[in-house]
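Each chain, letter by letter, is given below.
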Amino acid sequence: MVDEKPRLAVFKFTGCAGCQMELLRLEDELLQIAERLDVTYFMMAQSKFDLGPYDLCLIEGSVSTPRELEELKRIRAASRVLVAFGDCAVAGCVPSIRNWISQYKAESSVYENTAHLVSFRLQGIGEYVTVDGVLPGCPPHKALILEAITSALQGIRPDLKYHPVCVECKLRENVCILRSLGKPCMGPVTRAGCGAICPTYCRECEGCYGPMSDANAEHLARLFKKNGMSDDDAVRKFRKYAGMTDEFRTEAGL
Amino acid sequence: MRSRRASVCYIPRVEGQGSIDVEVGGGGKVRRSEFAIFEPMRFFEAFLKGRKFHEVHELASRICGICPIAHQITALRAVENAFGIQVSEQTKELRRLLALSAWIQSHSLSVFFLTAPDYLGFDGAVSMAAEHRDLVELALRTKKLANDVGELVGGRAVHPISAVVGGFTKIPAKEELEPLLGRLQRARKEVLGTAGIIAGFNYPSLELRSELACISSKDRYAVNEGRLVTNMGLDATEADYRKFIVERQVPYSNAKQSRMAGRGTFMVGPLARVVLNHAQLTPGARKAMKDMELDLGSSDPFMNIKARVVEIVYAIEESIGIIRRLRLDVAEQPARGRTGLPCAGAALTEAPRGLLYHRYAFDKSGVITAADIVPPTAHNSAHVEDSLRAFSPKVVAGGGDLSLQCEMLVRAYDPCISCSVHAVVL
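Conventions we followed
- Sequence order as written defines the numbering, with residues in each chain counted from 1.
- Labels follow written order: the first chain is A, the first ligand is 1, and so on.
- At least 70 in pLDDT is required for a residue's local features to be given in this predicted model, at least 80 for side-chain atom pairs to be given and counted, and no such filter applies to totals for whole chains, interfaces and linings, which use all residues.
- Each side-chain value is derived from all of the structure's non-hydrogen atoms; neither hydrogens nor water enter the calculation.
- Strands are runs of DSSP state E lasting at least 2 residues, helices are runs of H or I lasting at least 4, and numbering of each runs from the N terminus.
- For the radius of gyration, the atom set is restricted to C-alpha positions; the globular benchmark scales as 2.2 Å times the number of residues to the power 0.38.
- To sort residues, take the accessible area from a 1.4 Å probe on protein chains only and compare it with the maximum for the residue type: under 20% means buried, over 50% means exposed, and anything in between is partly exposed.
- Contacts are residue-level and defined by heavy atoms, with any inter-residue pair within 4.5 Å sufficient.
- Calculation of accessible area relied on Shrake-Rupley with a 1.4 Å probe; when residues are assessed, cover is drawn exclusively from the protein chains displayed.
- When charges are counted, neither His nor the chain ends are considered; positive counts come from Lys and Arg and negative counts from Asp and Glu.
- To locate a charge, the coordinates of NZ of Lys, CZ of Arg, CG of Asp or CD of Glu are taken.
- Within this document, salt bridges are pairs made up of a side-chain nitrogen of Lys or Arg and a carboxyl oxygen of Asp or Glu, the two lying within 4 Å of each other.
- The quantity reported as buried area is the accessible area (1.4 Å probe) lost by two parts once they are put together, taken as the sum for both.
- Polar contact is defined as a pair of N or O atoms within 3.5 Å, subject to the rule that within protein one atom must be able to donate a hydrogen and the other to accept it, and that residues adjacent in sequence are counted only when both atoms are side-chain atoms.
- A pair of strands counts as paired when DSSP detects no fewer than two bridges linking them.
- The convention used is that axes are lines fitted to C-alpha atoms, helices contributing only their stretch in contact, and that angles between N-to-C directions extend from 0 to 180 degrees.
- As a per-residue quantity, pLDDT reports the predictor's confidence and falls between 0 and 100.
- The set of buried Ala, Val, Leu, Ile, Met, Phe, Trp, Tyr and Cys residues whose side-chain atoms join them within 4.5 Å is what this entry labels a nonpolar core.
- Every angle not falling under 35 degrees, over 145, or within 65 to 115 is termed oblique; those three ranges are roughly parallel, roughly antiparallel and roughly perpendicular.
- By the definition used in this description, the sense in which the near helix is turned from the far one sets the handedness, with an anticlockwise turn below a right angle giving left-handed and a clockwise turn giving right-handed.
- Under the convention adopted here, Pro, Cys and the residues Ala, Val, Leu, Ile, Met, Phe, Trp and Tyr are nonpolar, Asp, Glu, Lys and Arg are charged, and Gly plus all remaining residues are polar.
- To pair, rings of Phe, Tyr and Trp, with the six-membered ring standing in for Trp, must have centres within 6.5 Å; the planes then decide the type, stacked if under 30 degrees apart, edge-to-face if over 60, and tilted in the middle.
- We call a charge positioned over a ring when the NZ of a Lys or the CZ of an Arg lies within 6 Å of the ring centre and within 35 degrees of the ring normal.
- We call a pair of cysteine sulfur atoms a disulfide when they lie within 2.5 Å.
- Residue count minus one, scaled by 1.5 Å, sets the expected span of a helix.

Caption draft 1: Region of the structure containing the overall build of chain B. Assigned secondary structure in chain B consists of 16 helices and 14 strands. By the compact-globule yardstick of 22 Å for 426 residues, chain B fits well, its C-alpha radius of gyration being 21 Å. By residue count, 69% of the 426 residues in chain B fall in the buried class. When contacts within chain B are restricted to residue pairs at least 6 apart in sequence, long-range pairs at least 24 apart make up 71% of them. Summing over all exposed atoms, chain B offers an accessible surface of approximately 13,700 Å²; the carbon and sulfur share of this is 50%. Charge-centre separation for chain B: the mean point of 54 positive side chains lies 2 Å from the mean point of 47 negative side chains.

Caption draft 2: Spatial organisation of the pattern of salt bridges. Following the criterion strictly, the structure yields 53 salt bridges over all chains and no others. Across the pair B:K144 and A:D28 runs a salt bridge, and its minimum N-O distance is 2.4 Å. Here the residue B:K144 occupies a position in helix α6 (residues 133–154), and A:D28 occupies one in the loop between α1 (18–24) and α2 (30–36), the pair thus bridging two chains. For A:D28, a relative accessible area of 48% corresponds to the partly exposed category. Across the pair B:R389 and B:D386 runs a salt bridge whose closest N-O atoms are separated by 3.0 Å.

Caption draft 3: View of the interface of chain B and chain A. Contacts between chain B and chain A engage 69 residues on the former and 61 residues on the latter. Of the roughly 5,600 Å² buried between chain B and chain A on both sides combined, carbon and sulfur atoms contribute 59%. Area buried by chain B at its contact with chain A is led by B:M41, B:F43 and B:Q249, which between them contribute 12% of it. Across the contact surface, chain B and chain A share 9 salt bridges. Applying the counting rule to chain B against chain A returns 27 residue pairs in polar contact (both at pLDDT 80 or more). Sorting the residues of the side of chain B that touches chain A by element identifies α1 (44–48), α2 (56–60), α4 (89–120), α5 (125–131) and α6 of chain B as the ones contributing at least two each.

Caption draft 4: Spatial organisation of unusual backbone geometry. Residues and elements named next belong to chain A. Geometrically, the link from G52 to P53 is a cis peptide bond, its omega value of 0° lying close to zero. Within the secondary structure layout, P53 lies in the loop between β2 (38–42) and β3 (54–60). Residue P139 is bonded to the preceding C138 through a cis peptide linkage, with omega at -5°. Backbone geometry places A196, a non-glycine residue, at a positive phi of 55°. With respect to the helices, strands and loops of the structure, A196 is situated in the loop between α7 (165–171) and α8 (197–200). On the accessibility criterion, A196 (0% relative accessible area) is buried. One non-glycine residue, C202, lies in positive phi territory at about 60°. Here C202 lies in the loop between α8 and α9 (217–226).

Caption draft 5: Molecular detail of the sheet that holds strand β14 (residues 368–374) of chain B. Residues and elements named next belong to chain B. Pairing in this open sheet of 3 strands is antiparallel, and the strands run β12-β13-β14 from one edge to the other. A strand with exactly one partner marks an edge of an open sheet, and here the two such strands are β12 (343–351) and β14. Going across the sheet, the axis of each strand differs from the next one's by a mean of 10°, ignoring polarity. In the sheet, β12 pairs with strand β13 (residues 354–362) via 9 bridges, with the strands oriented antiparallel. By the bridge assignment for β13, C343 is matched with F362.

Caption draft 6: How the structure looks around the confidence of the model for chain B. Mean pLDDT over chain B works out to 93, with 98% of the residues at or above the 70 mark. At the level of chain-chain contacts, confidence expressed as ipTM amounts to 0.95, with global pTM at 0.96.

Caption draft 7: Region of the structure containing the nonpolar core. Residues and elements named next belong to chain B. Among the nonpolar cores identified, the biggest contains 177 residues, and F302 and Y360 are the most heavily contacted of them. Broken down by element, this core gets its largest block of residues, 15 residues, from α4. Aside from chain neighbours lying at most four places away, what touches F302 is Y119, Y203, P204, L206, F391, M408, L409 and A412.

Caption draft 8: The side chain of B:H71, seen in detail. Its place among the elements puts B:H71 in helix α3 (residues 68–83). Ignoring anything within four residues of it in the chain, the contact list for B:H71 reads B:A60, B:S61, B:I63, B:C64, B:L356, B:H358, B:I373, B:P375 and B:C419.

Caption draft 9: Fine view of the packing of helix α11 (residues 270–277) of chain B against helix α13 (residues 304–325) of chain B. All names here are of chain B. Where α11 meets α13, the closest approach of the two axes is 8 Å, and the angle between their N-to-C directions is 65°. Judged on the interaxial angle alone, α13 and α11 are roughly perpendicular. Where α11 crosses over α13, the handedness of that crossing is left-handed. Facing P270, L271, R273 and V274 of α11, the residues of α13 in contact are N304, A307, R308, V310 and E311. Taken together, the residues of the contact of α11 with α13 break down into 5 nonpolar, 1 polar and 3 charged.

Caption draft 10: Summary view of the sheet that holds strand β11 (residues 266–268) of chain B. Residues and elements named next belong to chain B. Read across the open sheet, the 4 strands follow the order β8-β7-β6-β11; overall the sheet is mixed. The open sheet terminates on both sides in strands that have one partner only, identified here as β8 (235–236) and β11. By the bridge criterion, 3 bridges tie strand β6 (residues 211–216) to β11 in an arrangement that is parallel. Along β11, the bridge assignment pairs A213 with V268. Packing against the sheet, α11 makes contact with β6, β7 (227–230) and β11, and its axis sits at approximately 70° to β6.

Caption draft 11: Layout of the packing of aromatic side chains. Tallied over the full model, the rule gives 17 aromatic pairs over all chains. Between A:Y41 and A:F49, the aromatic rings sit 5.7 Å apart at their centres with planes inclined by 70°, giving edge-to-face as the arrangement. A:F49 gets classed as partly exposed once you look at its relative accessible area, which sits at 46%. We note B:K170 situated over the ring of A:Y201; from NZ or CZ to the ring centre the distance is 4.9 Å.

Caption draft 12: Representation of the state of the cysteines. Within the structure shown, the criterion is met by 0 disulfides over all chains. A disulfide-free cysteine, A:C198 has its sulfur positioned 6.1 Å from the sulfur of A:C205, the nearest such atom. The class for A:C198 is buried, based on a relative accessible area of 11%. Looking at the unpaired B:C416, the closest cysteine sulfur is the one in B:C64, lying at 3.2 Å.

Caption draft 13: Molecular detail of helix α8 (residues 180–193) of chain B. Its 14 residues give α8(B) an end-to-end C-alpha distance of 20 Å, which sits within 8% of 20 Å, the value for a rise of 1.5 Å per residue. Among the residues making up α8(B), those that are buried are B:L180, B:L181, B:L184, B:A187, B:E190, B:V191 and B:L192.

Caption draft 14: Summary view of the environment of B:A187. Residue and element names in this part refer to chain B. You can see A187 is positioned in helix α8. Sequence separation between A187 and D300 is 113 residues; the distance between their C-alpha atoms is 28 Å. Excluding its chain neighbours within four sequence positions, the residues that come into contact with A187 are L145 and I316.

Right, dumping it as structure tokens:
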């Protein structure tokens, strides 16, 4: 049917719901989006749901249980465009820090009885299925979310940023946190999109958008250490939002 | 009468992944009453070990995307208590403003988007907007305003970035905050105007005698600090929390359940706060309480919905007061404390959904050696089951839709399930 609206689905896996909250922060656009799209799956926001097919599917969270893995494969088969929505879905984000702890140790340090627990090391969804788009960030800025939705509606490539936070930081005319203040800023290796908020708020970037394309993490780690950072602190720095990514894993100690 | 079972395998319109399994036998006897949380585990308490004191709040923030501000402030206060850091009055006020913005944001989402559709007969806010566009737009405006306050003070509304140990990396200028006053005034009026609609909902009733718990302070409605109090006479410091509240694991759920040691379940959240601290509410909030005929002797979980509206009005009025009062010193730097010795600190705050506890122990170089985090939904989860047990036979006797009514009861607590999976002692 020509006038049938595209169908949007929003799923949550292992994550904090912050990306869905950022989506709901599109207060000025939400009702318009709802007019142009048929929201067919969004458990946090509505009771009705259907099992697909979906034209655009946003998945928040990483995969850490067999149930999620099964669900992910089902959703992939039902979705035309599948987007990894936020850092957890991309490469595990902050919860991936636990991948450096053995499964038994993680479970037994939290629960007395581990017999009924079902969980494995967490991974981004791209580890298991083909992903059509990636929205980085913890959380991805609402402008990026809107860009992803509108471009999917038009069937065009979204205008996402691949350069480092430094570009946005220069445009805001901030003093360089790394060079001028000597603070361990992750800006040079971190993907833009946030608007360089941390340097604008007088603090170093922590890297919450994950690596930019072609990031030179090794050099930045060396610079941090030259400025007096301990080896352990450097590992903590890279083992935070994107320790599992190819770009950061060596510095994160994998 | 035949037996009835309500099995909701994924409760909609709540944050996170939880289920309800209730079974009422032929004689009205409840055979099962389970509020299970199948939200996957993320092992925060395990991986926080080995991390540094200055990043605790940043990592703990990721426990929850709806109440990151509450987790940040609680973690910061626990760290500051451990290291003996005294923060300035300005920092306390800005943190209060930040926390209140989270209350407004979270409560308006809960009341207007997650709860109202139940009572107005819709499956969600989007379909509700077709008939109640004004109400949905009002709620969106209020939520946006709250996020704007959070963004200005914290740098970002979801997972703020400028609150750090000892204070803020950047203090907003008075000229930046003042333009919000007009919008806050308007929101105050608008939310007060919805009291009639919210009061008019056809609430199921559930009279339970429950212990209600929250923090309370002498000078004002407690948000970020206070003593742990209950309507059954408990009055304790945050450091003594573990002497009074104990946890246990249940096989069907990934969240632990809390109880008062030697007593039983208890309820935390907006109703507990309004009942215990109502004397400190602002005039508009008191008016909302009166307009909605909120009974202060009640511990009916459904009354949390009215209490949320009261608290939205309170949070708006208190935010107006703070913005007017504040004399901002934009040059202020975060306070520092002593280091070099092993130490530990705990903090209790009021997240939008209720009592939130964090405790951390550190070694001499400031690395975490132990973490204990108990979010509001973990405090409430055993109480939710008690409520379902008392409520379900009444629904069956009245011929109501057992699944839907049980869902509505759970939604009245506004559970935050991602949070709840992290109740833990190391």
